[in-house]
Every structure is written in structure tokens, then in C-alpha cells.
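The lines below spell out each chain.
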Number of protein chains: 2
Amino acid sequence: MNADTKPSDLIDGLRKGLEVILAFDDSSPQMTQSELALRIDLSRAAARRYLLTLTSLGYMATDGKYFWLTPKVMQLGRSFTSSSRLPRTIQPELQALTERCGESTNFAVLEGVEAVYVCCANANRLLSTGIEPGTRLPGYTSTAGRLLASFLDDQALDQWINQSAPRAHTQVTVTDHATLKREISKMRKQGYGITESQFEPGLRGISVPLRDSANNLIGAISVSMAVSAMTSSAAVKKLVPMLNQTAARLAQKL
Amino acid sequence: MNADTKPSDLIDGLRKGLEVILAFDDSSPQMTQSELALRIDLSRAAARRYLLTLTSLGYMATDGKYFWLTPKVMQLGRSFTSSSRLPRTIQPELQALTERCGESTNFAVLEGVEAVYVCCANANRLLSTGIEPGTRLPGYTSTAGRLLASFLDDQALDQWINQSAPRAHTQVTVTDHATLKREISKMRKQGYGITESQFEPGLRGISVPLRDSANNLIGAISVSMAVSAMTSSAAVKKLVPMLNQTAARLAQKL
DNA sequence: ATATTTTGTGCGATAATCGCACATATGTTC
DNA sequence: GAACATATGTGCGATTATCGCACAAAATAT
């Protein structure tokens, strides 16, 4: 929560309501009012009111006891995609790239210490990246996140790494601050990033920066693939030029 | 708004806050607090509070005057996709189908008189469907919407058509109630639906029902394509079996 | 430099939202 | 089927969240 805003300028009913929506996930696809109250620390009466409000507005449905989200909540996420030129411009280019290279591609931005995936074009592969629009990953475990962090100045990068509090997600996740910093700095020098098995075993990410026509850094576009698909040097040789070509085409449109 | 719920059970701050998010779109990608107040009938002070709240929570950003949505709002839509087995099960099958048939595919459900697209696997085509997860179209202009409406009983279908208040989107949109009912009823009989240029000129949709293993109607899966790609009879011949095959595979998983 | 428009903010008022307690309904156990 | 436990519905009074206003300050337009 941004500490700058005065509490009297904040609408707590909205904050709680959004927290209710976010409380539903694959471990709790449906909840009773009592379960929700326990999960997000609301009174049962308050939980009931938020659930009834969301149901009344069409964002949830109920059988009288359990509540679950409806597809209408996707409308909220779509407010972002329909209000922003970026996803609408980038998505077709990523789909074309996915078709040319045969691997899943995506576009991510950095939000604090998290990499947020805004666009995805998934290839039909057995190994699924699990990345879809809206996905957020710890930036230090994401090639895109690291590449984008590489553009921070030295002090800001140190702070970013500290704030990330790196911990292992796989047996080879880099958690040592100095090693992480070195690997991130190397990405900036070479103009692209590559990581393997940092968030999920067997998954490789290759990223290049995406800039607009004024040369402002917009985010990163990436390929996500199985490490078994080809060696990392073959992957770099094949995919970095293709990513750069897509980035150049997009730079003219943005 | 559902009329069943008592006003005292509703949280108006949440309703207004969600309305604020939905106010941003491609015609208003960013707004000042005064513009928002005019757009959704809030006082300027209230508009300011909602914008500051959403900014504080990370869903919006500001340059001090204008406000715009951030990718974080996609998180809200993701609560639906991560809390529901349906999209996670259906999406990979649609991607495989898109790759096999070379056209965009999608999964839609009916919400009232609207068709809501929950999953999409878009092919790399010049003619883009513009359909993405969360898209809502008037059901009567959508092949999926019509096919799903065809399972309503006779009286409910009449009511559905009346509530839809059909109006022309293209030069050939069916708006006559009797004609629409006849075309919808035909879809049920033949077990699939096909329409052309009902919402957008030059776009053909072919849909089949999707059922779960208990034979409950879940929604419809569809191909969307350019009418110029092939004749409608060739499209039916090629695509209906492929859609039915995917529906059958999914029926075993759902 | 001036006029106009927009925004920031403190304030008192109102009503939205709160949590509680009790009645009712539902589910579980014997 | 009865007893018990758990969950839900609801009315209520209390609290405070949210309201809109008015004025000052800042930004923008001329």
C-alpha cells in the first residue's frame, strides 16, 4: 500500500471488496461466507455483505451457501487491455513470432520487484509455461524481470535485489545477492537475457528489451521454452535475432 | 443489478469502485478526477477518493493529474481463471485445435443475453476476431450465443430474443424475431451452429455445444474465421467434426 | 499578467457499514 | 427421529466511513 495517501482519502469498502475477489483461487475456487471471513479477516456479516454485493453485480454466483466468481470479473482485467494501446499492438506481433519460432512468447513489465506478464502467445507444447496475461512472478526468477532490472542504476539495483529477498524456487535458483547482481549486469551488457530453471525446473527464458519509437524502455519480450528443446547456445543463436526483429517492428508502432 | 438483495446488504463503495475501473476504455484510456466525475456521475471529491484508493492499491497510476489503469487490474480477472477448472482445462485443447485447423478458436458461455468468451486461442491471421478472454458480445450476434440459446425452452427463448432487442450490427444482421428464432431452433436440431457477418462483416462463426461428463451443457466451443477462407459448406464439413472431437475429449475431462 | 479551470483539503453532516446477538436453518451424529 | 453442532439470516444501535461543500491554492489558458 502506498503510504503517501491520507487515510481519509481512501475508500476502505473498495479495498476490502477487491481483496474478496482476490481471495478466490485454485485452492479456494468457492467459499461460504464463514470461510471467506476466516480467510481474509472480515466479520461474517461483512463477508456476507461483500459476497452479496458482488453477486448482485454479476461478478459472483451462489447456490445459497457457496459463492464463486463468474467470468464477468474478466471484464475488470479487460478494462486494462482495452484502455491500453500496448497489449493490442503487441499481441498480434507475439502471435506471429510464436508461429515463426514454434515456442511460447510473452511481453512483461516490471512492477516493483515483480514481473507482470501483459501479453502471451502460447505455443502448443506439452510443457506449458503457465504464464497468462496478468501472471506475476518474482522478478529475480524471471528472465524478463532480470533484464528489466538491469537497466536500474547500480544503487537502485542493489535495493531491488534486497527488496526481492531472493529464495530458491528450484534447486538452481540464484539467491546469492552478488551472483544475482553479476548475472543481471551481464544481461545489460550483452543486450539480451537468458535463464534456466529459475522459477520452474526445465524452463528456459530468453528476453530482449522492448522500446518505443522515442527509445523509452517499455518492457521485455521473451520466449519461454523447455531446456530440452535445444542447447542454450543454439537457442540464443536462433531466438535472439527473432526477438530483436519483433522488438524493432514494434518500436516503430509504439 | 439483481433486485433480490436488500439495499442494506449491499456495499455501495464497492459498486462505485468497480464502476470506476470499468470507466476506463479505449476511448478514455486516462482521465482526470473531473473527467471521471462527469463520466460516471460521482462528485469530484468522491471521484478523487476512488482514484486515490485504486492508485494506492496499485491498480492505477498517475502523473498527478491524469490517472490510468495498470496491469495489476488483470489480477482481478485472473482470480476467475485461477479459481475455475474450466479455463485451465479448455485452453490447451483449444490451442491444439487452433494449430490443427489453422483458425482461431474460443469457448463461450451465456450470461443473460450476452455471450462471454472465457478462453481464446487465436490463429495468426490478418483478419483478427478481436475476441479475447472477457469479451462480451450480444448473444444474438454470436454463433455460440445463438447455439446456447437454442437449448432454452420455447417460452424462455422468446423472452431471450425480446430481451436482446436485436438491432443491426452489419447489413445482414438478423433482427426479425421470428427469423432469429427459426435460425436458432435449427441449430439445436442440427447439433451445431453457423453464422456469417452477424456482428462483424466477413466473419464466420461455427459452434458446437460443450458438455461435461454428466452431460450438462457447459458452454460452446467455436471456430471464428473469415468467410473468404472457404465456402460455408466446406467449413462445416471440415470444422464441425474437429470441434466435436475436441468437445468429446473435453467432456471426458470435465 | 490576468482570468479561468482544476485540484487539494478541512469540515460538519449523513448514512453507509459495522459487529453483535438472537432466531432460524442446515448438517452431523447417535 | 432426536439432539447437538454449525452455519446463516436479520434487525438493531453504534460508529465511522464516506459524503459534498466551500474555500484556498495550483495549474492552465489567454
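Treat the numbers as computed from the prediction; the structure is a model and nothing was measured. (Residues numbered from 1 in each chain as written. Chains lettered and ligands numbered in written order. Predicted model: local features only at pLDDT ≥ 70, side-chain atom pairs only at ≥ 80, totals over all residues. Heavy atoms only, no water.)

## So, the packing of aromatic side chains
Per the stated rule, a full pass over the model turns up zero aromatic pairs over all chains. Looking at Lys-72 of chain B, its charged tip hangs above the ring of Tyr-59 of chain B, at a distance of 5.1 Å from the centre. (Phe/Tyr/Trp six-rings, centres within 6.5 Å; stacked < 30°, edge-to-face > 60°. Lys NZ or Arg CZ within 6 Å of the ring centre and 35° of its normal.)

## A word on the protein's contact with DNA strand C
Close to DNA strand C lie 18 residues; Ser-43 of chain A together with Asp-12, Ser-34, Arg-44 and Arg-48 of chain B are nearest. Restricting the count to atoms of DNA strand C within 4 Å of the protein gives a sugar and phosphate share of 59%. The side chain of Arg-49 of chain A places a nitrogen or oxygen atom 2.8 Å from a base oxygen of DNA strand C. Tyr-50 of chain A is positioned with one of its side-chain polar atoms (N or O) 3.2 Å from a phosphate oxygen of DNA strand C. Put simply, the parts of the chain that give the surface near DNA strand C at least two residues each are helix H3 (44-56) of chain A together with helix H1 (12-22), helix H2 (33-40) and helix H3 (44-56) of chain B. The greatest single-element share of the surface near DNA strand C, amounting to five residues, is contributed by H3 of chain A. (Near = heavy atom within 4 Å. Polar contact = N/O pair within 3.5 Å; in protein donor to acceptor, adjacent residues only side chain to side chain. Helix = DSSP H or I, 4+ residues; strand = E, 2+ residues; numbered from the N terminus.)

## Some remarks on the sheet that holds strand E4 (residues 104-111) of chain A
Residues and elements named next belong to chain A. Here we have six strands laid out as an open sheet, ordered E6-E5-E4-E9-E8-E7, and antiparallel in their pairing. Strands at the two margins of the open sheet, each flanked by one partner only, are strand E6 (136-138) and strand E7 (193-196). Looking at each pair of strands side by side, their axes are set apart by 30° on average, direction ignored. Where E7 meets strand E8 (residues 203-211), four bridges bridge the pair, whose relative direction is antiparallel. In the sheet register, Glu-196 faces E8, and the bridge partner there is Arg-204. Along the sheet face, helix H5 (residues 85-101) touches E4, strand E5 (114-121), E8 and strand E9 (217-226) and points at about 65° away from the line of E5. (Pairing = 2+ DSSP bridges. Axes fitted to C-alpha atoms, helices over the stretch in contact; angles between N-to-C directions. Contact = heavy atoms within 4.5 Å.)

## Quick word on the sheet that holds strand E3 (residues 67-69) of chain A
Residues and elements named next belong to chain A. The antiparallel open sheet is built from three strands, whose spatial order is E1-E3-E2. Both outer strands of the open sheet, strand E1 (30-31) and strand E2 (60-62), are each paired with one neighbouring strand and no more. Lying on the sheet, H3 is in contact with E2 and E3; it crosses E2 at an angle near 110°.

## Some points on the interface of chain B and chain A
At the interface, 60 residues of chain B touch 60 residues of chain A. Between chain B and chain A, a total of about 5400 Å² is buried, with carbon and sulfur atoms accounting for 64% of that surface. In this assembly, chain B and chain A are joined by two salt bridges. Our count for the contact surface shared by chain B and chain A stands at 12 residue pairs in polar contact (both at pLDDT 80 or more). Looking at the side of chain B that touches chain A, the elements that each hand over two or more residues are H1, H3, helix H4 (74-83), helix H5 (85-101), strand E4 (104-111) and strand E5 (114-121) of chain B. The element contributing the most residues to the side of chain B that touches chain A is H4 of chain B, with 10 residues. A class-by-class count of the residues in the side of chain B that touches chain A yields 28 nonpolar, 19 polar and 13 charged. (Buried area = accessible area lost by both parts, 1.4 Å probe. Salt bridge = Lys/Arg side-chain N within 4 Å of Asp/Glu carboxyl O. Nonpolar A, V, L, I, M, F, W, Y, C, P; charged D, E, K, R; others polar.)

## As for the domain arrangement of chain A
Note: interface size is frequently given as the accessible area lost on complex formation between the parts. Under the domain assignment, chain A is made up of domain 1 (7-73) and domain 2 (84-253). In this structure, domain 1 of chain A and domain 2 of chain A have C-alpha centres spaced 34 Å apart. (Domains from an automatic or database assignment.)

## Observations concerning the protein's contact with DNA strand D
In the neighbourhood of DNA strand D, 19 residues make up the surrounding shell, with Asp-12, Ser-34, Arg-44 and Arg-48 of chain A together with Ser-43 of chain B lying closest. Taking the atoms of DNA strand D that fall within 4 Å of the protein, sugar and phosphate contribute 58% of them. In this structure, Ser-43 of chain B approaches DNA strand D through a side-chain N or O atom, which is 2.4 Å from a phosphate oxygen. Contributions of two or more residues to the surface near DNA strand D are made by helix H1 (12-22), helix H2 (33-40) and H3 of chain A together with H3 of chain B. Of the residues assigned to the surface near DNA strand D, the class counts are five nonpolar, five polar and nine charged.

## Describing the nonpolar core
Core analysis: the biggest nonpolar cluster contains 106 residues, and Leu-18 and Val-20 of chain A together with Leu-18 and Val-20 of chain B have the highest contact counts within it. Leave out the neighbours within four places in its chain, and Leu-18 of chain A touches Leu-14, Leu-18, Ile-21, Leu-54, Leu-57, Tyr-59 and Leu-76 of chain B. (Core = buried A, V, L, I, M, F, W, Y, C linked by side-chain atoms within 4.5 Å. Buried < 20%, exposed > 50% of the residue type's maximum accessible area, 1.4 Å probe, protein only.)

## Comments concerning H2 of chain A
Note on helix geometry: an α-helix contains 3.6 residues per turn, so any two residues three or four positions apart are oriented the same way. Residue and element names in this part refer to chain A. For H2, the full list of buried residues reads Gln-33, Leu-36, Ala-37 and Ile-40. One side of H2 holds all its buried residues, which, seen down the axis, span an arc of 100°. Tucked inside the fold, the buried residues of H2 contact H1, E1 and H3. Positive phi shows up at Asp-41, right after H2, with a value of about 60°. (Arc of directions from axis to C-beta.)

## Observations concerning the relation of the copies chain B and chain A
The operation relating chain B to chain A is a screw motion whose rotation component is 180°, with 0.0 Å of axial translation and a residual RMSD of 0.1 Å. Classification of the inter-copy transformation places it as that of a two-fold axis. Both copies contact each other with a shared surface, as 100% of the interface residues of chain B are interface residues in chain A too. (Least-squares fit on C-alpha atoms with pLDDT ≥ 70 in both.)

## Considering the state of the cysteines
All names here are of chain A. Per the stated rule, a full pass over the model turns up zero disulfides over all chains. Looking at Cys-120, it has no disulfide partner, and the nearest cysteine sulfur is the one in Cys-119, 7.2 Å off. Taking relative accessible area as the criterion, Cys-120 reaches 10% and is therefore assigned buried. (Disulfide = S-S within 2.5 Å.)

## Focus on the side chain of Asp-9 of chain A
Here Asp-9 of chain A shows up in the segment before H1. Within the buried core, Asp-9 of chain A has no salt-bridge partner, and the shortest N-O distance to an opposite charge, that of Arg-48 of chain B, equals 4.1 Å. When sequence neighbours within four positions are dropped, the list of residues in contact with Asp-9 of chain A reads Arg-48, Arg-49, Leu-52 and Thr-53 of chain B. (Lys, Arg positive; Asp, Glu negative; His and termini not counted.)

## Describing the pairing of E7 of chain A
The two faces of E7 of chain A differ: Gly-193 and Thr-195 of chain A on one face are buried, but Ile-194 and Glu-196 of chain A on the other face are not. The antiparallel pairing of E7 of chain A with E8 of chain A creates a hairpin that spans six residues between the two strands, and Ser-197 of chain A there sits at a positive phi of about 55°.

## Some thoughts on H3 of chain A
If you check H3 of chain A, its first and last C-alpha atoms are 18 Å apart, about what 13 residues at 1.5 Å a residue would give, namely 18 Å. Those residues of H3 of chain A that fall on the buried side of the exposure criterion are Ala-46, Ala-47, Tyr-50, Leu-51, Leu-52, Thr-53, Leu-54, Thr-55 and Ser-56 of chain A. Structurally, H3 of chain A contributes buried residues whose contacts are with H1, H2, E2 and E3 of chain A together with H1 of chain B. Where H3 of chain A ends, the next residue or the one after it, Gly-58 of chain A, has phi of about 95°, a positive value. (Expected span 1.5 Å × (residues − 1).)

## Some points on the environment of Leu-210 of chain B
All names here are of chain B. In this fold, Leu-210 is placed in strand E8 (residues 203-211). Relative accessible area serves as the criterion here: at 0%, Leu-210 is assigned to the buried category. With 11 residues separating them along the chain, Leu-210 and Ile-221 place their C-alpha atoms 6.3 Å apart. Leaving out residues up to four positions away in the same chain, Leu-210 has contacts with Ile-90, Phe-107, Asn-216, Leu-217, Ile-218, Gly-219, Ala-220, Ile-221, Ala-247, Leu-250 and Leu-254.

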